[in-house]
Structure formats: C-alpha cells, structure tokens
Amino acid sequence: MPEPTVPPQHPHLATLRRLEQSSGKLAAAAIARMDDQLPWYRAMPPENRSWIGLVAQAGIAAFTEWFRHPETPQAISTDVFGTAPRELTRAITLRQTVEMVRTTIEVVETAIDEVAAPGDESVLREALLVYAREIAFATAQVYAQAAEARGAWDARLESLVVNAVLSGEADEGAVSRAAALGWNAPEHVAVVLGTAPDGDSELTVEAIRRASRHAKLQVLTGVLGTRLVVIAGGSDDPLKAAKSLIGPFAAGPVVAGPVVGDLLAATRSAQAATAGLKACAAWPDAPRPVLADDLLPERAMAGDPAAKELLVEEIYRPLEEAGSALLETLGVYLEQASSLEGAARMLFVHPNTVRYRLRRVTDVTGWSPSDVRSAFTLRIALILGRLADSGDQP
C-alpha cells in the first residue's frame, strides 16, 4: 500500500511520520485501556467491542489526517463514526461514547513525548487539544442526529398506536408498537380527550410528557386533527389523571374515559371519551375535566348506544330487581318536582317512607335523587328503561 502523500513543505514532517507509524500501536493501547478501565466495555458483546475498536482506530487516523492538513475542514463525524453502523448509537449511550473518546485522547496525550519529534511536543499537544474539541462537537452531532431520527420514528409509531385505540382497531400489533415506545403495560388505563392548541404539535406532545412525568403516569399521546389524545396509564382515578395532564389542552371541554385494564381495552375508554366530548355541548356548565360517565344522560340523548345501555343496566335494572316500590317512588318523586310531601300524597304513604325509599335508590344506584344533576340522570335512565321494557328502544 503506497504511503500517504505528504506535502514536502509540511512544517512538522518528522512528527507527522512518527504519528503515522504509531497509529496502530496507539489504537491498541486505547482499546487495552478501555478494557481495563471501562466496565461497560468489558460487558459488551464481541461484535460491539470490535466496532468500538474501529472507531478508536478511525479517530486516531482522522487526527493524523487533520494534523497533516490543519487548514482543510475535515468531516470528523464521517471519518470517525462512519466506520461503525448506525445501530451503535443504540448500543452505547452518549456518556459511554464520551468516555471512549476521552480514553483514546488520553492515550494519545500520554504518548506525545514519544511520538513528537524533538521540539514538536507543544505543537502536537496543542493540535490534540483542538482536535479533541472538534471530536466532542462531532460526537454531539452524531447523537443529536440519531436522537432526531429516533424521535421522528417514535412519533410516527406513537401516532399509529393512538389512532388504533381511538378508531377501535387496537390489536396485538398496537400493543407491540407501544412496548417498543416504552409502554410497560400498566394495570389501569384511561383515555383523555380535548382540543389541541394551535401551533407546533410537537411542543404540545412534549408538554404532555412533562406533565405525565411529574404525575408519575405513563402516556401515549398525539394530536389527531384538532384533538389532543392522551392514553394515560398508571392511575385508577381517571379524573385525577386528567387534572394532572390538563395544562397543554386548549380551551374547551376535556373528557376522561373510564378506567380499563389494558391497552387493548382502551378503545372502550376512548369511545366513551369521544361520545362525552361530543355531548359536552348539552352541558355548558360541565366541570373541566369531566368524566365521560358523568355525561351519560347527554351521551344517551345524543344517540350513544353505550350510554343508553349503561343507564338501563346500571340504574334501571338494579332498581327493578330491588322491587317495584323503588321504581314507582322514584318516578313519582321526580314527577312531583322532587317534593317529598307531594310524592307521599300521590303514593298514599308517609313522607318518611318516601325518604327511606329514596335512600335505598341512592344505595342501589349510586345516584342521589335529591341532587339536581343525579335526578336528571335518574330521570333519563327511567325513560330509557321503560322504553326498553316496552320493546320500543329509541
């Protein structure tokens, strides 16, 4: 192999020659020092250690070339890191790469007195310092580019998962993609929906991530059209989770779906939240955020079949099974504008009897007839239940 061409006018020709002759020995010394001082290097598989060895050799060779032509801009990142596959940035961290570069520079620095021609020691040392700065910038650039590429890929992957959950198409493939994004299958999952703010959606997503870290929640999130969608994992209280994440949402209603057991079941939470967001217009004074289940009457009136079924199965049917007296008393009480005395007169019973039966309604359903909002929900449940019994479903 012909020797590299060296301009005859090079001011430090002897040092350059000695540097070229020592490059192999310096690379071997750098690898030996890594093996001795860096536990993570010793623990790596042989293939990755060999790639790191090539990077060290390329770094010393690039320094030699840079010393040969200091006035020529050098693409250090390509010269040094281009010898290893892109996957190496996943195999070793930025901190480990810095340790690898530092070790290699230290080996060259300790050999300066041996490598430099007499009188050139300070010149070679100064050149190494400048080169070390350049290689540091190159290292940062390589990892920044890799992080940017991974970030763009992860964002696309995350959007696929979020869209699959929202569209009801979540399957094992979506679960696998979520796992690749770091989702570790929390036991409690809920979907939170609202309006996305104007501007850069990446900034909105990052704001959700910061809020989730503060709240110790796992999230998968994305902006789909005008909607900001957050799949939150790790809390059995969807309202609390929604409150901790509400900051990045734009003005307007924010709805939290019910808690489900896993990502596959999150479609049910998403459907409830979607129906709740649509129905929020019928309850202008709804709290923010609001539970999708607190919007059951509005959802039912907007045509949500799941809400109709829940109202019948969780309110009307339990009252029916508890005895006709409860249904009758509740119906009369609501018709009499929530008047105990009026209901008692219509039922020919003592007001205390009506009061007792209404307490039983609360025990059975969880909704209190004396509360205006609960009374509205109970009234809609009674209407839907009666229609179901008549065989005339709306």
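See the structure shown above.
Here we summarise the structure given alongside this text. Here the structure is a predicted model, which means the values were calculated and not measured.

1. Re the pairing of strand S3 (residues 227–233)
Reasoning step 1: Here S3 lies mainly inside the structure; six of its seven residues are buried.
Reasoning step 2: Pairing analysis gives seven bridges linking strand S1 (residues 189–195) to S3, with the strands arranged antiparallel. Counted as the bridge partner of valine 191 is isoleucine 231 from S3.
Reasoning step 3: As paired elements, strand S2 (residues 218–224) and S3 share seven bridges and run antiparallel to each other. Counterpart to threonine 221 in the pairing with S3 is valine 230.
Reasoning step 4: Between S2 and S3, which follow one another and run antiparallel, lie two residues, and glycine 225 among them has a positive phi close to 65°.

2. Digging into unusual backbone geometry
Reasoning step 1: Following arginine 288, the chain continues into proline 289 via a peptide bond in cis, with omega recorded as 0°.
Reasoning step 2: Position of proline 289 relative to the elements: it lies in the loop between helix H12 (266–279) and strand S5 (290–291).
Reasoning step 3: One non-glycine residue with positive phi stands out, namely alanine 337, at about 55°.
Reasoning step 4: Checked against the element boundaries, alanine 337 lands in the loop between helix H15 (324–335) and helix H16 (340–347).
Reasoning step 5: You will see that phenylalanine 348, though not glycine, has its phi angle at about 60°, which is positive.
Reasoning step 6: Structurally, phenylalanine 348 can be placed in the loop between H16 and helix H17 (351–365).

3. Re a negative patch on the surface
Reasoning step 1: Together, Glu169, Asp171, Glu172 and Asp262 make up a negatively charged patch on the protein surface.
Reasoning step 2: If you trace the backbone, aspartate 171 turns up in the loop between helix H8 (121–167) and helix H9 (172–180).
Reasoning step 3: Since its relative accessible area comes to 40%, aspartate 171 is described here as partly exposed.

4. Observations regarding empty space enclosed by the protein
Reasoning step 1: Tallied over the full model, the rule gives one cavity of 30 Å³ or more.
Reasoning step 2: Quantified by volume, the largest cavity comes out at close to 130 Å³.
Reasoning step 3: For the lining of the largest cavity, the secondary structure elements donating two or more residues are helix H3 (46–68), helix H6 (94–110) and H8.
Reasoning step 4: Of the residues contributing to the lining of the largest cavity, the split by class is 11 nonpolar, two polar and no charged.

5. What to know about the pattern of salt bridges
Reasoning step 1: Tallied over the entire structure, the rule returns 12 salt bridges.
Reasoning step 2: Taking the shortest distance from any N to any O, the salt bridge between arginine 209 and glutamate 158 comes out at 2.3 Å. Remark: glutamate 158 occurs in helix H8 and arginine 209 occurs in helix H10 (residues 201–215); sequence separation between them is 51 residues.
Reasoning step 3: For arginine 209, a relative accessible area of 23% translates into the label partly exposed.
Reasoning step 4: For glutamate 158, a relative accessible area of 5% corresponds to the buried category.
Reasoning step 5: In this structure, arginine 299 and aspartate 293 form a salt bridge, with 3.8 Å as the shortest nitrogen-oxygen distance.
Reasoning step 6: Residue arginine 299 is classed as buried on the basis of its relative accessible area, which comes to 2%.

6. Focus on the nonpolar core
Reasoning step 1: Ranked by size, the top nonpolar core spans 33 residues in total, and within it Met34, Trp40, Ile52, Phe63 and Leu124 carry the most contacts.
Reasoning step 2: Looking at this core, the elements with two or more residues in it are helix H1 (13–37), helix H2 (39–42), H3, H6, helix H7 (112–115) and H8.
Reasoning step 3: For this core, the element with the most residues is H3, which contributes eight residues.
Reasoning step 4: Sequence-distant contacts of phenylalanine 63, defined by excluding residues within four places in its chain, comprise Leu19, Val108, Leu124, Ala127, Leu128 and Tyr131.
Reasoning step 5: Formed by 28 residues, the second largest nonpolar core is a distinct cluster that contains Leu330, Leu334, Val361 and Leu382.

7. Topic: the packing of aromatic side chains
Reasoning step 1: Per the stated rule, a full pass over the model turns up two aromatic pairs.
Reasoning step 2: Consider the rings of phenylalanine 63 and phenylalanine 67, whose centres lie 6.4 Å apart with planes at 45°: the pair is tilted. One end of the pair is phenylalanine 63 and the other is phenylalanine 67, both in helix H3 and four residues apart, which spans about a single turn. Taken individually, phenylalanine 63 and phenylalanine 67 each receive the classification buried, so the pair is uniform in this respect.
Reasoning step 3: Cation over ring: arginine 373 sits above tryptophan 283, and NZ or CZ is 3.5 Å from the ring centre.

8. Overview of the side chain of serine 235
Reasoning step 1: Secondary-structure assignment places serine 235 in the loop between S3 and helix H11 (238–245).
Reasoning step 2: A residue is classified by how much of its surface remains accessible, and serine 235, at 15% relative accessible area, is buried.
Reasoning step 3: A polar atom in the side chain of serine 235 sits 3.1 Å from the backbone nitrogen of aspartate 237.
Reasoning step 4: Excluding residues that lie within four positions of it along the chain, serine 235 makes contacts with His188, Leu217, Ala241 and Val259.

Quick notes on the rules
- Along each chain, numbering runs from 1 in the same order as the chain's sequence is written.
- Only residues with pLDDT of at least 70 get local features here, since the model is predicted, and only at 80 or more are side-chain atom pairs given and counted; chain-wide, interface and lining totals rely on the full set of residues.
- Each side-chain value is derived from all of the structure's non-hydrogen atoms; neither hydrogens nor water enter the calculation.
- The rule is simple: take the accessible area with a 1.4 Å probe, protein chains only, and divide by the maximum for that residue type; under 20% is buried, over 50% is exposed, in between is partly exposed.
- Only DSSP runs of H or I reaching four residues or more are called helices, and only runs of E reaching two or more are called strands; each is numbered from the N terminus.
- When DSSP locates at least two bridges between a pair of strands, those strands are taken to pair.
- The residues that make up patches have over 30% relative accessible area and no salt bridge, and they are joined within 9 Å when like-charged or within 5 Å when they are Val, Leu, Ile, Met, Phe, Trp or Tyr.
- Working definition of accessibility: Shrake-Rupley area with a 1.4 Å probe, residue cover restricted to the visible protein chains.
- Within this document, salt bridges are pairs made up of a side-chain nitrogen of Lys or Arg and a carboxyl oxygen of Asp or Glu, the two lying within 4 Å of each other.
- All tallies of charge rest on Lys and Arg as positive and Asp and Glu as negative; His and the ends of each chain are not included.
- Every charge is mapped to an atom, namely NZ of Lys, CZ of Arg, CG of Asp or CD of Glu.
- Points on a 1 Å grid, built from protein atoms alone, make a cavity when a 1.4 Å probe fits but cannot get out and make a pocket when they are open with protein on both sides within 12 Å along at least 5 of 7 lines; residues with an atom within 4 Å of a point are the lining residues.
- Grid points are joined across faces, edges and corners, and a volume is the space filled by probe spheres set on the points.
- Lys, Arg, Asp and Glu make up the charged group, whereas Ala, Val, Leu, Ile, Met, Phe, Trp, Tyr, Cys and Pro make up the nonpolar group; the residues left over, Gly among them, are polar.
- We define a nonpolar core as any set of buried Ala, Val, Leu, Ile, Met, Phe, Trp, Tyr and Cys residues linked to one another through side-chain atoms lying within 4.5 Å.
- Contacts are assigned to residue pairs with any non-hydrogen atoms lying within 4.5 Å of each other.
- Here a Phe, Tyr or Trp ring, Trp counted by its six-membered ring, pairs with any other such ring whose centre lies within 6.5 Å, and the pair is stacked when the planes are under 30 degrees apart, edge-to-face when over 60, and tilted otherwise.
- Geometrically, a lysine NZ or arginine CZ counts as sitting over a ring once it is within 6 Å of the ring centre and also within 35 degrees of the ring normal.
- In protein, a polar contact requires one atom able to donate a hydrogen and another able to accept it; more generally it is a pair of N or O atoms within 3.5 Å, and residues adjacent in sequence count only if both atoms are side-chain atoms.

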